[in-house]
Amino acid sequence: MVGPGALGCLLAARLHLAGAGPALLDHDPARAALLNRQGIILAEAGGVNPAAVVPVSTDPATVGGADLVLLCVKAPALNSALDAIAPLLPPSSLLLALQNGISHLEILSARKLPCAWALGVSTEGANLQGPGRVRSGGAGLTELGFVQPPTPAADQLLNATVALLNRAGLRAARHPEIIGRLWRKLIINCGINALTVIHDCPNGRLLEIPAARRAMAAAVREAAAVAAASGINLPDDPVALTEAICRQTATNISSMLQDIRQGRATEIMAINGEIVRRAGQLGLATPVNLELLTAAQLHHRSPTR
Ligand code: KPL
């Protein structure tokens, strides 16, 4: 596992509790030392699990022998994480990238990675409450798939990953059109995340604020137009879908609002920023996404990539 953020901690704790023996890589020595002392503490609706004592290291050489590497860093940290780990990945391993947005697709495709890689799109709810302390925000679905036809060995590893995640209590499945699923989630995130920052509210509340609801619909339509112009097959009604996700995750604090509240860099450039960037290349106008990008950035400086 690379990156002890909300999803990384949730997966590490679940995999540990399922007896899979994960190891975690963190670039931050102070946090790694804390996690080694404290363990990873996963709170769920039924109560708080015993601390998962997962070995945490800052040395990528310790990840070198892994069959499976779950890359859970945020999109802006992807390049530096890949710089650190890629030279150490054995050709037989599988790298699974679980970032939000779609910018990681370009980064991964452009790199000559020594091993196979696949994408994961997860709607698993996870709230990071402090270093190594994560609260499950409700069960979701984690979909996994290859962008390019895999070798039989990589294909088997992905099947084994799906089985492993299911054993660890997550709902996981392969999806034959993972890029479409990535765009679907991106469009939903475009409509929800920045608005929860601007209105400082849980997801469900956005539907009760008329201006927010209008902005959500407009941002989603713009993002859907960019997806369609990029040749992506979309859900029938992306606005209805985004509103349904808002209802399903009504009490959730979006990942972007969590980042703002904890003073962390956000994924705004990988979400609304990516739509604006691609729209520029395609000659499309996305004024609402640009407005959301600008407004969310005012709440916190985020990296430009
Ligand atoms: O993916 C999410 C996020 O917070 O990043 C949603 C679906 C909006 C759930 O909170």
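What counts as what
Residues numbered from 1 in each chain as written. Predicted model: local features only at pLDDT ≥ 70, side-chain atom pairs only at ≥ 80, totals over all residues. Heavy atoms only, no water. Pairing = 2+ DSSP bridges. Helix = DSSP H or I, 4+ residues; strand = E, 2+ residues; numbered from the N terminus. Axes fitted to C-alpha atoms, helices over the stretch in contact; angles between N-to-C directions. Contact = heavy atoms within 4.5 Å. Core = buried A, V, L, I, M, F, W, Y, C linked by side-chain atoms within 4.5 Å. Buried < 20%, exposed > 50% of the residue type's maximum accessible area, 1.4 Å probe, protein only. Domains from an automatic or database assignment. Buried area = accessible area lost by both parts, 1.4 Å probe. Salt bridge = Lys/Arg side-chain N within 4 Å of Asp/Glu carboxyl O. Near = heavy atom within 4 Å. Polar contact = N/O pair within 3.5 Å; in protein donor to acceptor, adjacent residues only side chain to side chain. Nonpolar A, V, L, I, M, F, W, Y, C, P; charged D, E, K, R; others polar.

**Things to note about the sheet that holds strand β10 (residues 142–145)**
Part 1 of the reasoning: Spatially, the five strands line up as an open sheet ordered β5-β6-β7-β10-β11, and their pairing is mixed. What marks the edges here is a single partner per strand, and that holds for β5 (68–71) and β11 (172–174). Across this sheet, the average inter-strand angle for adjacent strands is 25°, counted without regard to direction.
Part 2 of the reasoning: Across the sheet, helix α4 (residues 103–110) lies against β6 (94–97) and β7 (116–122), angled at about 175° from β7, the strand it touches most.

**Overview of the nonpolar core**
Part 1 of the reasoning: Ranked by internal contacts, the top residues of the largest apolar core, which has 64 residues, are L71, L95 and L108.
Part 2 of the reasoning: Here the element with the most residues in this core is helix α6 (residues 178–199); it accounts for 11 residues.
Part 3 of the reasoning: Counting contributing residues, this core receives three or more from each of domain 1 (6–176) and domain 2 (179–298).
Part 4 of the reasoning: If you look at the next biggest cluster of nonpolar residues, it comprises 38 residues, including L15, L94, L96 and F146.

**Quick word on the environment of L7**
Part 1 of the reasoning: Position of L7 among the secondary structure elements: in helix α1 (residues 6–17).
Part 2 of the reasoning: It is 12 Å that separates the C-alpha atoms of L7 and P131, two residues lying 124 residues apart in sequence.

**A closer look at the domain arrangement of the protein**
Part 1 of the reasoning: When cut into domains, the protein gives domain 1 (6–176) and domain 2 (179–298).
Part 2 of the reasoning: Here the C-alpha centre of domain 2 lies 24 Å away from the C-alpha centre of domain 1.
Part 3 of the reasoning: Contact with domain 1, which involves 21 residues of that partner, is made by 21 residues of domain 2.
Part 4 of the reasoning: Carbon and sulfur atoms supply 53% of the area that domain 1 and domain 2 bury against each other, a total of about 2,000 Å² over both sides.
Part 5 of the reasoning: Three residues stand out in domain 1 for area buried against domain 2, namely K74, N100 and I102, and they jointly supply 34% of the buried area on that side.
Part 6 of the reasoning: Put simply, domain 1 and domain 2 have four salt bridges between them.

**Observations concerning the pairing of strand β2 (residues 41–44)**
Part 1 of the reasoning: Bridge analysis of β2 against strand β9 (residues 133–136) gives three bridges, and the strand direction is parallel. Looking at β9, one finds that A43 is bridged to R135.
Part 2 of the reasoning: By the bridge criterion, two bridges tie β2 to strand β3 (residues 47–48) in an arrangement that is antiparallel. In the sheet register, E44 faces β3, and the bridge partner there is G47.

**Examining the site of the ligand**
Part 1 of the reasoning: Looking at the ligand, the residues that line it are N100, K185, N189, I192, N193, N203, I245, N252, S254 and S255.
Part 2 of the reasoning: Within the side chain of N189, one N or O atom sits 3.0 Å away from an oxygen atom of the ligand.
Part 3 of the reasoning: Contacts to the ligand include N252, whose side-chain N or O atom sits 3.0 Å from an oxygen atom.
Part 4 of the reasoning: The element best represented in the shell around the ligand is α6, accounting for four residues.
Part 5 of the reasoning: Here the shell around the ligand is built from residues that sort into two nonpolar, seven polar and one charged.

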